[in-house]
Amino acid sequence: MHCLLCQNAVEKGVLSFCGIVMCGECEADLMEMTVEQPEYEQIIRALKVLWQRQFSAALDHRPLESDLT
Ligand SMILES: [Zn+2]
């Protein structure tokens with residue numbers, strides 16, 4: 001598996017959720033970042049896109065709320 005942020009190879013079980021892994025370095029970077037830093041927003045946005053993809057894949061048998069309006 002590869003780190004979501006730096007693409008370095010990551011040992012299994014470092015920080016993983018929904019098939020996404022992050023290496024210890026990037027995790028530490030993220031923890032040290034402040035919301036004011038542009039990198040922070042970029043990373044959060046990238047994570048959101050990935051999470052949404054994971055969720056819609058898991059829930060593809062039923063429509064999302066936004067599709068029902
Ligand atoms: Zn990394």
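K.L.:
Would you explain the overall build of the protein in this entry?
P.N.:
Across its full length, the protein holds two helices and two strands. Counting from the amino terminus, the protein carries its helices and strands in the arrangement β-β-α-α. Residues counted as buried form 9% of the 69 residues belonging to the protein.

K.L.:
Please clarify how the nonpolar core should be interpreted in this entry.
P.N.:
Here is a general trend for soluble globular proteins: nonpolar side chains tend to be buried in one another's company. Membership of the largest hydrophobic core is limited to six residues, which are Leu 5, Val 10, Val 21, Met 22, Cys 23 and Cys 26. Leaving out residues up to four positions away in the same chain, Val 10 has contacts with Met 1, His 2, Cys 3, Val 21 and Cys 23.

K.L.:
How should I be thinking about the environment of Met 22 in this particular structure?
P.N.:
With respect to the helices, strands and loops of the structure, Met 22 is situated in strand β2 (residues 20-22). C-alpha of Met 22 to C-alpha of Cys 3: the two residues are 19 residues apart in sequence and 4.5 Å apart in space.

K.L.:
How should I be thinking about helix α2 (residues 38-58) in this particular structure?
P.N.:
One turn of the α-helix equals 3.6 residues, which is why residues spaced by three or four share an orientation. With 21 residues, α2 ought to run about 30 Å at 1.5 Å a step, and its terminal C-alpha atoms sit 31 Å apart, in line with that. The buried count for α2 comes to zero of 21 residues, which makes it a mostly uncovered element.

K.L.:
Hey, could you run me through the confidence of the model for the protein in this one?
P.N.:
Detailed reading of the predicted model is not advised wherever pLDDT is low. Residues at a pLDDT of 70 or more form 75% of the protein, whose mean pLDDT is 77. Mean pLDDT per element in the protein: strand β1 (residues 15-17) is the minimum at 66, and helix α1 (residues 24-32) is the maximum at 85.

K.L.:
What is the right way to read the environment of Ile 43 from this model?
P.N.:
Positionally, Ile 43 belongs in helix α2. Ile 43 gets classed as partly exposed once you count the C-beta atoms within 10 Å, which come to 18. Taking the C-alpha atoms as reference points, Ile 43 and Leu 4, 39 residues apart in sequence, are found 9.3 Å from one another.

The rules behind the values
- Residues numbered from 1 in each chain as written.
- Predicted model: local features only at pLDDT ≥ 70, side-chain atom pairs only at ≥ 80, totals over all residues.
- Helix = DSSP H or I, 4+ residues; strand = E, 2+ residues; numbered from the N terminus.
- Buried ≥ 20, exposed ≤ 12 C-beta atoms within 10 Å, placed from the backbone.
- Core = buried A, V, L, I, M, F, W, Y, C linked by C-beta atoms within 7 Å.
- Contact = placed C-beta atoms within 7 Å.
- Expected span 1.5 Å × (residues − 1).
- pLDDT = per-residue confidence, 0-100.

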